[in-house]
Structures are given as C-alpha cells and as structure tokens.
Amino acid sequence: MDPSPQPPASGYAPSYPSSYTKFNSALNAGLLNPMSPPPLPLDKTRSSPTLFDMMANEQDYHPRTAAAIHSIPAPPQPHPLQPARSMDRQVLLQDRVAELIGSCSPGNQFNDADSSDVRLTLTSKDGLSVTLCVHRHILVAHSRFFAAKLSDRWSKQQRTLPHIVEISDCDDVEVYVETLRLMYCKDLRRRLMREDVNKVLGILKVSAAIVFDAGVLSCLEYLEAAPWAEDDDEKVAALLTQLHLESSGAGEVLKRVSLELAPSAVAEEVEVGGGCNGGGEEVLVRLLQVVLEGKDEKARREMKGLVSKMLRENSTSRGGAIGGDLRKESLYSACNGCLRLLHDQFVRAAGGDQSEVVQIARQADNLHWMLDILVERQIAEDFLRTWAMQIELAELHGKVPAIHRYEVSRVTARLFVGVGKGQILVSKEARCQLLSTWLEPFYEDFGWMRRACKGLDRHLIEDGLANTILTLPLPTQQEILLAWFNRFLNSGEDCPNIQRGFEVWWRRAFWKRNGEPEQPPRLRITAICENS
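Residues numbered from 1 in each chain as written. Predicted model: local features only at pLDDT ≥ 70, side-chain atom pairs only at ≥ 80, totals over all residues. Heavy atoms only, no water.

Draft legend 1. Quick peek at the packing of aromatic side chains. Summed over the entire model, instances satisfying the criterion amount to 16 aromatic pairs. Summarising the aromatic geometry, the rings of Y406 and W448 are spaced 6.1 Å apart at their centres and angled 20° between planes, so their arrangement reads as stacked. In this pair, Y406 is assigned in helix α20 (residues 402-420) and W448 in helix α21 (residues 428-452), connecting sequence segments 42 residues apart. Classification of W448 by relative accessible area gives partly exposed; the value is 33%. Three or more aromatic residues link up through ring pairs in this structure, and these residues are W484, F485, F488, F502, W505, W506 and F510. In this structure, R256 is placed above the aromatic ring of W228, and the distance from its NZ or CZ to the ring centre is 3.6 Å. (Phe/Tyr/Trp six-rings, centres within 6.5 Å; stacked < 30°, edge-to-face > 60°. Helix = DSSP H or I, 4+ residues; strand = E, 2+ residues; numbered from the N terminus. Buried < 20%, exposed > 50% of the residue type's maximum accessible area, 1.4 Å probe, protein only. Lys NZ or Arg CZ within 6 Å of the ring centre and 35° of its normal.)

Structure (structure tokens):
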C-alpha cells in the first residue's frame, strides 16, 4: 500500500472558515501574468550558505555536521496573490496540499519520508510555505533546472540525509506541488485529463520555468486536444507566446486560436492543400455566397444574422476601416449576381413561365440584405444608382403577381430610408431617377408590404420617402406630392402616408415665399384648389 502522507512542516487545524472558498479563487488567480523578475542578489550575511554560494565557492566550502539548508530561488512565476489573513491562507494551503498528496495512487513515492533523500520547502513571496519529501534522482531526471542545481558534485558534499532545500519566492505553491507530483506519474496525459484549462496553464508555466520537458509536452498535448471556452483563447495565446515554446509544439495549439500567431504552420497547410486556403476576405465572400444560395428559409434568416454580426465585428477589429477584410468590389460582385438572377426571373415570369416565380422573392430578399451591409459600411451609393437605372425591371414589375413581387419594393423602401436618414448621399439626378423608376411600383406594392411583411416599420419607410422627396427642388417636390395627394385620397391605408412631407413642402412653397407671414393651412389649400 501507498505509505500514508507525511504531515507538512507546519501543522494545520482540522477545519477552516467559509472564507477559505473565496481565498481558493484568489489562490488560482493570475496564472498568466508576466513572469516575475529575476531574484534579487543573495544576502551574503545569511547564517547558512545558499546553493549558489556553495557552487560559486566550492573549493572553500566545508560541510557542517548538521544538514545544511540550501535556498534555491524559484524560477519566474506569476505575480503574488491578493492579501488575506496569513493563518487562514496557510491552513488552506496545507489542506489543499494534503488533498493532493492523499490522491496519489498506491505505490507512489511522492512525499514518502521513508525513501526520500530531499526535504523540499516551497515558500511563497508572502511567507506561505509547505514542505515535501522528494527524491533527488526524480527531480534531476525530469528537470534540467534541478539537474543543474542538485548536481552529483553538490550531492557528494552533503554529509547527512535528508538534504534540506528551499525554493523561495513561489507565487503559487499549490501549482508547484502539482507539477512536482507529475514527475512521479507514469502517464502524465491521463493525469492532466482531470484538470481544467486554467490549472493546466499554470502547470505549463511552472514546467517551462524548471525545464520539465515531459510536463511541457503533456500540457501542450492536452491544450491541443481538449476543448476550452472562448474566454480562454486569449489566455492560451498570451501564455504560449510569452513562453516561446515553438520547438515543443506550441504552434499546433496556436493554430486553434490565431492564424497570425502561427504563420509558418498555416503556410505549410496552404502549400499542401490544407484547411486554411486564403485570407479572411475569401472566407467571408464564400460565406456570403453560401447564404445567398441557401434553400432553407429559416436557416437562411438565422445565418444572415450570424454573417452580418461577423462582418460588423471584423470591420470593428480592423480599426473601423470600411469593409474590414471584405472589399467593396467583393460585395458589389455578390449584389450584381443577385440582380442578374432577379432580372432573368422577372423576364420569365412576365412571359408566363411560373416555374421559378417563387425565386423572385428570394433574390429580392438577398438584395435587401446586401443593401443593409452596404449602408452599414457607407458604400451604398453605387447600388442606388444601379437600382435607379433598372427601368426594364420596373416595367416588368406590373406583369408579375403582387404576391411574388412585393419583396422587390422592400429594396426600394430601404433606399428611401437610407437617403432620408442621410445614410446614402447621391446626386440630385440619381435621386430623381430613383423616384422616377421605382415610386409607382412602390406605391402598387405598399399594401402588400404592409400586410405581408412581419415587423415592417411603416412609419420609418414613410418618413424616409417624405425626406427623399424633400431633398429635390421645389417644382419636383410639388409634382410628386400632388400626385401622392390624389393617390392617398383614393387608396387610403394601401398608400404610404407622407402628410408630414406634404406640409413641409407647402410651407416652403407658399407660406414663406417672398417673406409672407404664415397663414392657416386651410385658407391656403382653398386658394390652390380654386386656382386649379
């Protein structure tokens, strides 16, 4: 049977207050902070020589009759823990270490006082300490750090057993104990499977600091294969980049979180036809195309939201540059493809071929989605000009049943909103052409849009149309608004209500002309009706 664990150097109480749970969280914090600076110069006035003193003055050293206490500064580790009550923390540390030692498998010699030849004391920067019974040959065989410090020459100079060694300035004593225990395990990978990502990152950092190669390799193999949360991506990338473990296989782990952190590895995959075969723009263009060609409407709606979110995040991460990785030309290429398909489908539907008439709504929906992306990136001006010139498409519009065509007018409505809100700035000629080509089809479809489009913001569209009209010269405003006045009186709810725009035009054209004082609208409307 496995020998019972030896009690630590400093005893602990059998129970501890509930505040220890909070401290346990603090104990595990800060594993990924930058490495501590090198230890300060050793104090030459110490009563006992350090291991470094003995190695530097080996010819003058004469061992004493009692076992010497040798202090080894800890390899660089994370920043210190937050302050807490010293006694509570010491008790908690001893309890945690006792739990670790007690979980060793039968026959494991870790902390076996009977067979050990080194008594190792781990001391944190704030004074917490734990003492372990370990074996010099285990430490030397697994760690190049210990192999250099506990050399054969040093061992022969020690007259008594066990040798007493101290590692000072440890910021996380528990992680040190975990790492030392791994040196006694035959299957490190299986042992690490019980841990979470944060614990493995801590063990990896200690293993790298003491040059415990098997521990480093096992931690990297775990990180390459085990799932972790998205919040852990930055932690993993930061630590692996800091430790410079490329030769140990860290590049394979970094491939999971960043193309930029493992460029050579990615380049190799490209050369052999691997998974990553291009930049971010190629991937985004492909995603756009897949969504535009998708068959399942519910899935298409869901993926449109996902891709739109990805495009926004990508643009923001690139410092707000227009389009981010996705160029304007790529977006317009996708738009033009949808527009060509829409035109062909209208021609066939107008000619009596109803086989693909349902595809008209899908292509119109695709154009509406692409227009939203263009408006968000402030590059929709060319789309408006192109749409305004679709005279043939507008003439075919009335030959297609309204149930299939009304989605097309949603594209026109989105352009009205964009112009009316100042999101799309184009010339007067382009705005006039847009209204000339698409206003009548828009009027014809408005009733269908109002009834069939879920979530349609009627007032937003009406304000957008009114503001678009009001950007034109007054004679053009008058022509369009008087025609609307007549249509609205005969169509009611099936015609957009742009009364507010009508009132603005009226005041501009008549109340304020030539500096005349404003008069009640009823009298002025009567006058114009009499003149007409």
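Draft legend 2. Expanded view of the packing of helix α9 (residues 197-209) against helix α10 (residues 213-225). Where α9 contacts α10, the axes come no closer than 8 Å and their chain directions differ by 150°. Judged by the inter-axis angle, α9 sits roughly antiparallel to α10. Crossing angle aside, the handedness with which α9 passes α10 is left-handed. For the pair α9 and α10, the contacting residues are V197, V200, L201, I203, L204, S207 and A208 in the first and G215, V216, C219, L220, Y222 and L223 in the second. (Axes fitted to C-alpha atoms, helices over the stretch in contact; angles between N-to-C directions. Parallel < 35°, antiparallel > 145°, perpendicular 65-115°, else oblique. Left-handed = near helix turned anticlockwise from the far one by under 90°. Contact = heavy atoms within 4.5 Å.)

Draft legend 3. Structural view of the pattern of salt bridges. Scanning the entire structure with this criterion turns up 29 salt bridges. Between E444 and R405 there is a salt bridge; the shortest N-O distance is 3.8 Å. Residue E444 is located in helix α21, and its partner R405 is located in helix α20; the two are separated by 39 residues in the primary sequence. The class for E444 is partly exposed, based on a relative accessible area of 41%. Residue R450 is joined to D494 by a salt bridge in which the shortest nitrogen-to-oxygen separation is 3.1 Å. Of this pair, R450 sits in helix α21 while D494 sits in the loop between α23 (474-491) and α24 (499-511); the two residues are 44 residues apart in sequence, bridging distant segments of the chain. With relative accessibility at 30%, the residue R450 sits in the partly exposed group. Take D494: its relative accessible area is 31%, and that puts it in the partly exposed class. Within this structure, E297, R300, K304, R362, D365, E407 and R410 form a network of salt bridges that share partners. (Salt bridge = Lys/Arg side-chain N within 4 Å of Asp/Glu carboxyl O.)

Draft legend 4. Molecular detail of the nonpolar core. By size, the foremost hydrophobic cluster in this structure holds 74 residues, and its most contacted members are L288, M370, F383, W387, F442 and L465. Once residues lying within four places of it in the same chain are set aside, the contact partners of L465 are F416, L435, L439, F442, Y443, P496 and I498. Counting 55 residues, the second largest nonpolar core, distinct from the first, contains L100, V130, F146 and Y184. (Core = buried A, V, L, I, M, F, W, Y, C linked by side-chain atoms within 4.5 Å.)

Draft legend 5. The packing of helix α18 (residues 381-388) against α21, seen in detail. Contact geometry for α18 and α21: axes closest at 8 Å, N-to-C directions at 45°. By the criterion of interaxial angle, the relationship of α18 to α21 is oblique. For the pair α18 and α21, the sense of crossing is left-handed. Residues L384, R385, W387 and A388 of α18 form the contact with α21, whose participating residues are A430, Q433, L434, T437 and W438. By residue class, the composition of the contact of α18 with α21 is six nonpolar, two polar and one charged. (Nonpolar A, V, L, I, M, F, W, Y, C, P; charged D, E, K, R; others polar.)

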